[in-house]
Amino acid sequence: MAVLNKIRQRSLILILVIAMALFSFVIGDLFKNSDALTGGAQDVVATVNGKDIMRDEFQRKVKSYQDRVGPSQTSTQSMNTIYNQELRKIILESEFEELGLGVEKDEMRDLLKNSFSSYPEFQDENGEFDVNKLNAFIANLKDLKGETAPLGNFLVNYDSWTNNEQTIASNAVQQSYYNMIKAGVGATIAEAEDEYFGDAKTIDMRYVQVPYTSVADSLVTVSKTDIKDYVKKNEDKYKVDASREIVYVEFEEKASKEDEDAIKAGLLGLVEDRIEYNENSKNTDTIPGFNTTNDIAEFINTYSDIKYNDVFSRAANLPAVAKDTLLSLNEGEYYGPYRDGEYFKLTKVIATKQLADSAKVRHILVPFVGATRADAAVTKTQEEAKATADSILGLIKSKSAKFVDLLELSSDKVSNEKEGVLEFGYNESYAPEFKEFSFNNEEGDVEVVGTSFGYHVIEILDQSSFNKALKLATLADKVEPSEQTLQDVFNRMSKFEIAAKDGDFNDLAAERDLPVKPIVFKELDENIPGLGSQREVVRWTFDEDTEVGDFKNFPISGFGFIVAKLVEKNEEGLMNSEDAAVTAVPEIRKEKKAKMIREKLTATSIEDIAKNQGVTPRSASAVTMKNTTLSGAGVEPKVIGTAFGLAEGATSDPIDGEKGVYVVEVTKVNDATKLDNYAAIMNRLNTARRNTVQGKVYQALEEAADIEDNRAKTVY
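Heads up: these notes are all about the structure in this document. (Residues numbered from 1 in each chain as written. Predicted model: local features only at pLDDT ≥ 70, side-chain atom pairs only at ≥ 80, totals over all residues. Heavy atoms only, no water.)

## Concerning the overall build of the protein
Test applied: Under the DSSP-based scheme used, a helix requires at least four consecutive residues in state H or I and a strand at least two consecutive residues in state E, with every element numbered from the N terminus. With the radius of gyration taken over C-alpha atoms, the globule rule is written as 2.2 Å times the number of residues to the power 0.38. Relative accessibility decides the category of a residue: with a 1.4 Å probe and only protein chains considered, values under 20% of the type maximum give buried, values over 50% give exposed, and everything between is partly exposed. Where accessible areas are quoted, they stem from the Shrake-Rupley method and a 1.4 Å probe; at the residue level, only the protein chains shown are allowed to cover. Charge assignment: positive for Lys and Arg, negative for Asp and Glu; neither His nor the chain ends contribute. In plain terms, the charge of a residue is placed at NZ if it is Lys, CZ if Arg, CG if Asp and CD if Glu.
On a plain count of helices and strands, the protein comes out with 25 helices and 27 strands. Relative to the compact-globule value of 27 Å for 716 residues, the protein shows a C-alpha radius of gyration of 38 Å, a clear excess of over 25%. Counting only C-alpha atoms, the protein reaches 110 × 100 × 70 Å along its principal axes. Within the protein, buried positions represent 35% of all 716 residues. Total accessible area on the protein stands at roughly 41,900 Å², and carbon and sulfur atoms take up 49% of it. Of note, the protein has its 85 positive side-chain charges centred 3 Å away from the centre of its 121 negative side-chain charges.

## Regarding the sheet that holds strand E2 (residues 51-54)
In plain terms, the rule: We treat two strands as partners when DSSP finds at least two bridges between them. Whenever a helix is involved, its axis is fitted only over the stretch in contact; in every case the axis is a line through C-alpha atoms, and angles between N-to-C directions fall within 0 to 180 degrees.
Strand order in the open sheet made by the 3 strands is E2-E1-E27, with antiparallel pairing throughout. Edge positions in the sheet fall to E2 and strand E27 (707-709), since each has one partner strand and no second. Across the sheet, the axes of successive neighbouring strands diverge by a mean angle of 20°, strand direction being ignored. Where strand E1 (residues 44-48) lies against E2, 4 bridges are found, and the strand directions are antiparallel. Pairing of Val44 across the sheet is with Met54, part of E2.

## Re the pattern of salt bridges
As a reminder of what qualifies: Salt-bridge detection follows one rule: a side-chain nitrogen of Lys or Arg within 4 Å of a carboxyl oxygen of Asp or Glu.
A complete count under the given rule lists 35 salt bridges for this structure. Where Asp43 meets Arg55, a salt bridge forms, and the shortest distance between an N and an O atom there is 2.9 Å. Of this pair, Asp43 sits in the loop between helix H2 (35-38) and E1 while Arg55 sits in helix H3 (residues 55-69); the two residues are 12 residues apart in sequence, bridging distant segments of the chain. Classification of Asp43 by relative accessible area gives partly exposed; the value is 25%. Given a relative accessible area of 23%, Arg55 falls into the partly exposed group. The closest approach of N and O atoms between Arg598 and Asp656, which form a salt bridge, is 2.5 Å. Here Arg598 is found in helix H20 (residues 577-600), whereas its partner Asp656 is found in strand E25 (residues 655-656), with 58 residues between them in sequence. When its relative accessible area of 32% is taken as the criterion, Arg598 is described as partly exposed. A relative accessible area of 27% places Asp656 in the partly exposed class. Through salt bridges that share partners, Glu195, Asp199, Lys626 and Arg684 make up one connected network.

## Quick look at the nonpolar core
Heads up, the rule is: Grouping buried Ala, Val, Leu, Ile, Met, Phe, Trp, Tyr and Cys residues that are joined through side-chain atoms within 4.5 Å yields what is termed a nonpolar core. We call two residues in contact when some of their heavy atoms are within 4.5 Å.
Counting residues in hydrophobic clusters, the biggest one holds 25 residues, and the most contacted among them are Ile53, Phe58, Ile91 and Tyr178. Of all the secondary structure elements, the ones that give two or more residues to this core are E1, H3, helix H4 (75-99), helix H7 (158-183) and helix H24 (693-704). The greatest single-element share of this core, amounting to 8 residues, is contributed by H4. Residues contacting Tyr178, with those up to four places away along its chain left out, are Arg88, Leu92, Val693, Gln694, Val697 and Tyr698.

## A closer look at the packing of aromatic side chains
To be explicit about the condition: Aromatic contacts are taken between Phe, Tyr and Trp rings whose centres are within 6.5 Å, Trp giving its six-membered ring; a plane angle under 30 degrees counts as stacked, one over 60 as edge-to-face, and the others as tilted. A ring is scored as having a charge over it whenever the NZ atom of a lysine or the CZ atom of an arginine sits within 6 Å of its centre and within 35 degrees of its normal.
Under the criterion given, the structure shown has 26 aromatic pairs. For the pair Phe116 and Tyr119, a centre-to-centre distance of 5.4 Å together with 65° between the ring planes defines the contact as edge-to-face. When its relative accessible area of 19% is taken as the criterion, Tyr119 is described as buried. For the pair Trp540 and Phe554, a centre-to-centre distance of 5.6 Å together with 65° between the ring planes defines the contact as edge-to-face. You can see Trp540 sitting in helix H19 (residues 535-542) and its partner Phe554 sitting in strand E19 (residues 551-556), a full 14 residues away along the chain. For the pair shown, Trp540 and Phe554 are each scored as buried. Three or more aromatic residues joined by ring pairs make a cluster, and in this case those are Phe116, Tyr119, Phe122, Phe137 and Trp161. Stacked on the ring of Phe344, the Lys or Arg Arg339 has its end atom at 5.4 Å from the ring centre.

## Brief notes about the side chain of Gln463
Short version of the rule: Distance and chemistry together define a polar contact, namely a pair of N or O atoms within 3.5 Å, with one atom able to donate a hydrogen and the other to accept it when in protein, and with adjacent residues in sequence counting only for side-chain atoms on both sides.
Turning to its location among the elements, Gln463 is positioned in strand E15 (residues 454-478). Of the residues examined, Gln463 reaches a relative accessible area of 9% and is grouped as buried. Only 2.8 Å separates the side chain of Gln463 from the backbone oxygen of Asn441, close enough to count as a polar contact. Discounting chain neighbours no more than four positions away, the residues touching Gln463 are Ala356, Ser358, Ala359, Ser438, Phe439, Asn441, Glu442 and Glu443.

## So, the environment of Thr381
With respect to the element layout, Thr381 can be found in the loop between strand E12 (343-366) and helix H14 (382-397). Along the backbone, Thr381 and Gly370 are 11 residues apart, and their C-alpha atoms lie at a distance of 8.6 Å.

## Description of the environment of Lys593
The residue Lys593 is located in helix H20 in this model. Along the primary structure Lys593 and Thr213 are separated by 380 residues, whereas in three dimensions their C-alpha atoms are 8.8 Å apart. Setting aside its immediate chain neighbours within four residues, Lys593 contacts Tyr212, Val215, Ala216, Asp217 and Val220. From its side chain, Lys593 meets the backbone oxygen of Val215 in a polar contact 2.9 Å long.

## What to know about the packing of H3 against H4
The cut-off we apply is this: When an angle is under 35 degrees it counts as roughly parallel; over 145 it counts as roughly antiparallel; between 65 and 115 it counts as roughly perpendicular; any other value is oblique. Each crossing is labelled by how the near helix is turned from the far one, with a counterclockwise turn of less than a right angle marking it left-handed and a clockwise turn marking it right-handed. Classification convention: Asp, Glu, Lys, Arg as charged; Ala, Val, Leu, Ile, Met, Phe, Trp, Tyr, Cys, Pro as nonpolar; all other residues, Gly among them, as polar.
Across the interface, H3 lies against H4 with an axial gap of 9 Å and an inter-helix angle of 120°. Here H4 runs oblique to H3, going by the angle between their axes. Read as a crossing pair, H3 and H4 show a hand that is right-handed. Along the contact surface, H3 presents Phe58, Lys61, Val62, Tyr65 and Gln66, while H4 presents Ser75, Ser78, Met79, Thr81, Ile82, Tyr83, Glu86 and Lys89. When its residues are assigned to classes, the contact of H3 with H4 shows 6 nonpolar, 4 polar and 3 charged.

## Some details on the sheet that holds strand E26 (residues 660-670)
Here 4 strands make up an open sheet; going across it, the order is E22-E5-E26-E25 and the pairing antiparallel. Each having just a single partner strand, strand E22 (618-624) and E25 make up the two edges of the open sheet. In terms of strand pairing, E25 meets E26 through 2 bridges, oriented antiparallel. Looking at the pairing, Ile655 lines up with Tyr662 of E26. Running over the sheet, H20 touches strand E5 (202-211), E25 and E26 and is turned about 65° from E26.

## Section: the environment of Ala377
Mapped onto the elements, Ala377 comes out in the loop between E12 and H14. For Ala377, a relative accessible area of 61% gives the class exposed. Through-space distance from the C-alpha of Ala377 to that of Pro120 is 8.2 Å; in sequence the pair is 257 residues apart.

## A short note on the pairing of strand E9 (residues 283-287)
In terms of strand pairing, strand E8 (residues 274-278) meets E9 through 5 bridges, oriented antiparallel. By the bridge assignment for E9, Tyr277 is matched with Thr284. Taken together, E8 and the strand that follows it, E9, pair antiparallel across an intervening segment of 4 residues, in which Lys282 is found at a positive phi of about 60°.

## Remarks on unusual backbone geometry
Most peptide bonds are trans, and most residues other than glycine sit at a negative phi. A cis amide bond, omega 0°, links Gly336 with the succeeding residue Pro337. With respect to the helices, strands and loops of the structure, Pro337 is situated in strand E11 (residues 334-340). Here the phi dihedral of Ser465 falls at roughly 55°; this positive angle occurs in a residue that is not glycine. Turning to its location among the elements, Ser465 is positioned in strand E15. You will see that Ala622, though not glycine, has its phi angle at about 55°, which is positive. If you trace the backbone, Ala622 turns up in strand E22.

These results come straight from atomic positions and should not be treated as a statement about function.
Structure, rendered in structure tokens:
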């Protein structure tokens, strides 16, 4: 009791001490990252030419984009897409503002006319565009206060309309901007002449090549200083973004052989009846097995990871690993357990029948607004289209009208030319609902079937090519690691991580037969090959508190764990000498070999050089300036360019080529006849250059823009 009293007396002091400690921790962290207090850079995804891309608005656009594209893109890919869109928008708008480009009211009306003149909603009785109807439509959208109205095959509200207007205006300004630039881009007569003579003028030449391979690599020393100097001379080639290199080992949570054996035994254990004690009745109950159950659907749905499907399956729809065996079974026979993908399965044949693989039907299609391939003339809602199709069906079944007499009501004009008839095989690409009705019903059946294209009135005319089909009941158990296996994987990972604190990462991995996998990240990367998006790993490598040599385990969803070790940090700038050496050393060695070879070339004629160097002179005929491939040597632009600068009969000085040192002699110059008119070549050059304007202009604007990219610190 005395102790308890002392604790109570000092509880206030303890609370104050803990509170102060927590306060100090939080405040310290805030000051460490002062933007958390100021709401500064952490709220700004990027600043482009002085304009901020704010995080909240950016994330709203990313979410909207993800809602449209679905799971086909990762969150990082979606953010990259929106970032590039925002970047392009700001860069171009900055340029347009500086030039005073915009869209006036009258021009906007013309743009809307061009975009919507084909819509019946904006046409008068003569089919001409009526601006008053356009104005009335826009005013009505505004009055609807966010509600939608139909326009063609779409539903629009005032916000979506104004967004569309802005897009149209933006595209028009962009087009005007690019058109002005294209107007200033073209080719001169002199350039057209050069283009012509680059193909038409040829030379014949002799040359001698002393290959770089004639000097052994061992005779050429490349120092770190040489590499650094080479990198500085070729900065554009060796500029790199900040990067981090890690090595990692994997600990996969996968089922062991014991787990698989237990799964198979469990499936087989469901075949026979089981005796179980009933706690409620205090008696033993007999639980029907796969052999004796009277309700196969309920049995499968109760014990299987894949629900029962009460259909007959053709050979093409059977599991590839079991197809031949299943087709050989009779009713009541089993196959399995067998592995099919991520499941073990035990399959029983419930029934067999013959099903057609080819069908001949005729149909009448009634589309609705928004249906696949529905054109602008379609006005029926989905409910109205269904009602129309039901009415047509009623006329046919009551024999009030013949099928062919109602084809004018069908929007499928192609099949209408054949009295609405379609002939197709089961494996052909048709709407699944259409195909299911055509093959799973009887000749003469006629019904209304809904698909993404609308509502079809379908009559089955003929079925052929009958083959065996099976109705199957399959118990499926997903192959997953047991709790014991999961614990074993976690223990192995933990023991490795503990051992890595004092041991060598690679040696420890080798002792455990764990492959060590390297990977290099840039700050906005996300993927690890085979493991998908792992932004948490990338963020850790770029954290300022993570040092070379640090390691950490990461849970990988749907896989298990990895233990990663940071082995190298490279900041933005020029590539370090070690990494640059891979491409720099061969080039430096080539330069040094070229100098050594030139120093040995004392003769001046092709024959003497060839004799002294132990090589054979070669010839090349009809060489053109535009084709830089030298016969017998490969691509050698410097050699061919030098040759075209020589007069007939002249011999060059030694030339450092791609594969060796060359000396060339021009034996003949084949001049081309000048053209009377170069207009066709000028037009071709003009078209080619103007076609590249849009991409090159934006690339230049982006390179010149002042961009501060904070994505890695804000949203990634």
